[in-house]
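# Examining the three-dimensional arrangement
For reference, the chains in residue letters:
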Amino acid sequence: GNIYESMLTKGPTTAQIEHIISSYNEKQEQNINQFRLFPGIAEALAEIAESNKIFIITSNVASIVKAVLDRHGITCVEDILGAERDKSKANKITAIRSKYPQLPAFYVGDTEGDIIEGKLAGSKTLGVAWGWHGAERLSKTMPDHIVNSPEELAVLISSAPVVSLNCLSN
């Protein structure tokens, strides 16, 4: 599920979680030049963006994600909704969907929590087998589709309007 809610169930206080997240963000800033994109994702995003709107919804801080996108020359993302906007990905997905009610929305994720939150927000869910949890683990949450490559992702959604994506790796 949601990373912040999961952490709360393990015992830390909200203040302790905020300290953990702050420390994590500092480490991300220090190591930002080491972050790489999955092979083929930049090309897939460019293809998808030809006929779709792309948003990144993440538990990371938006400025870190933006810096990675900028370093890789990716300019096709409409907006990045990071942890500073809301701790719930489902809330962020719902906010974007409310701006574009006429468009179908897919939420692309690489964890069980991503799929759970995408479903909570009423989106079609796409699990990416090359990410954190892999196809077998993602299948437990029953996403609408599991894709095995960025190229397959682009083919699947390039003809349907998409309003939310989460495609970065760190």
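Quick note: structure is the one above.
Quick look at the structure, then. (Residues numbered from 1 in each chain as written. Predicted model: local features only at pLDDT ≥ 70, side-chain atom pairs only at ≥ 80, totals over all residues. Heavy atoms only, no water.)

With that settled, the discussion passes to the pairing of strand β3 (residues 106-109). Successive residues of a regular strand alternate their side chains across the two faces of the sheet. Residues F106 and V108 point to one face of β3 and Y107 and G109 to the other, with burial holding for every one of them. By the bridge criterion, four bridges tie β3 to strand β4 (residues 124-128) in an arrangement that is parallel. Its bridge partner lying in β4, V108 is registered against L126. Note on the crossover from β3 through helix α6 (residues 112-120) to β4: the handedness is right-handed. (Buried < 20%, exposed > 50% of the residue type's maximum accessible area, 1.4 Å probe, protein only. Helix = DSSP H or I, 4+ residues; strand = E, 2+ residues; numbered from the N terminus. Pairing = 2+ DSSP bridges. Right-handed = clockwise from strand over helix to strand, strands pointing away.)

Right, let's talk about the sheet that holds β4 for a bit. Sheet architecture is open: three strands sit in the order β3-β4-β5, paired in parallel fashion. In this open sheet, the two strands that pair with only one neighbour each are β3 and β5 (145-147). Each strand axis lies, on average, 25° off the axis of its neighbour in the sheet, ignoring direction. Where β4 meets β5, three bridges bridge the pair, whose relative direction is parallel. By the bridge assignment for β5, G127 is matched with I146. Along the sheet, α6 makes contact with β3 and β4, crossing β4 at roughly 170°. (Axes fitted to C-alpha atoms, helices over the stretch in contact; angles between N-to-C directions. Contact = heavy atoms within 4.5 Å.)

A separate point is the packing of helix α5 (residues 89-99) against α6. At a minimum axis separation of 8 Å, α5 and α6 run at an interaxial angle of 45°. Between α5 and α6, the crossing angle belongs to the class labelled oblique. Considering how the two elements wind past one another, α5 and α6 form a crossing that is right-handed. On α6, the residues touching K89, A90 and I93 of α5 are D114, E117, G118 and L120. Of the residues contributing to the contact of α5 with α6, the split by class is three nonpolar, one polar and three charged. (Parallel < 35°, antiparallel > 145°, perpendicular 65-115°, else oblique. Left-handed = near helix turned anticlockwise from the far one by under 90°. Nonpolar A, V, L, I, M, F, W, Y, C, P; charged D, E, K, R; others polar.)

The relation between two aromatic rings is expressed through the spacing of the ring centres and the mutual angle of the planes. Under the definition given, this model contains two aromatic pairs. For the pair F38 and W130, a centre-to-centre distance of 6.3 Å together with 75° between the ring planes defines the contact as edge-to-face. Remark: W130 occurs in the loop between β4 and α7 (134-139) and F38 occurs in the loop between α2 (14-30) and α3 (41-49); sequence separation between them is 92 residues. For the pair F38 and W130, one class covers both residues: buried. Their ring planes at 50° and their centres at 5.9 Å tell us that F55 and Y100 sit as a pair that is tilted. In this pair, F55 sits in strand β1 (residues 55-57) while Y100 sits in the loop between α5 and β3, placing the two residues 45 residues apart along the sequence. Of the two residues, F55 and Y100, neither departs from the other in class, the shared state being buried. (Phe/Tyr/Trp six-rings, centres within 6.5 Å; stacked < 30°, edge-to-face > 60°.)

Here we take up the pattern of salt bridges. A complete count under the given rule lists four salt bridges for this structure. Measuring nitrogen to oxygen at the nearest pair gives 2.8 Å for the salt bridge that ties D79 to R85. For D79, a relative accessible area of 25% puts it in the partly exposed group. A relative accessible area of 48% places R85 in the partly exposed class. Linking R137 and E112 is a salt bridge whose minimum nitrogen-to-oxygen distance equals 2.7 Å. Of this pair, R137 sits in helix α7 while E112 sits in helix α6, placing them 25 residues apart in sequence. (Salt bridge = Lys/Arg side-chain N within 4 Å of Asp/Glu carboxyl O.)

Remark: α3 packs on helix α8 (residues 150-157), axes separated minimally by 8 Å, with the N-to-C direction vectors making an angle of 5°. Classified by the interaxial angle, the pair formed by α3 and α8 is roughly parallel. Along the contact surface, α3 presents I41, A44, E47 and I48, while α8 presents P150, L153, A154 and I157. When its residues are assigned to classes, the contact of α3 with α8 shows seven nonpolar, no polar and one charged.

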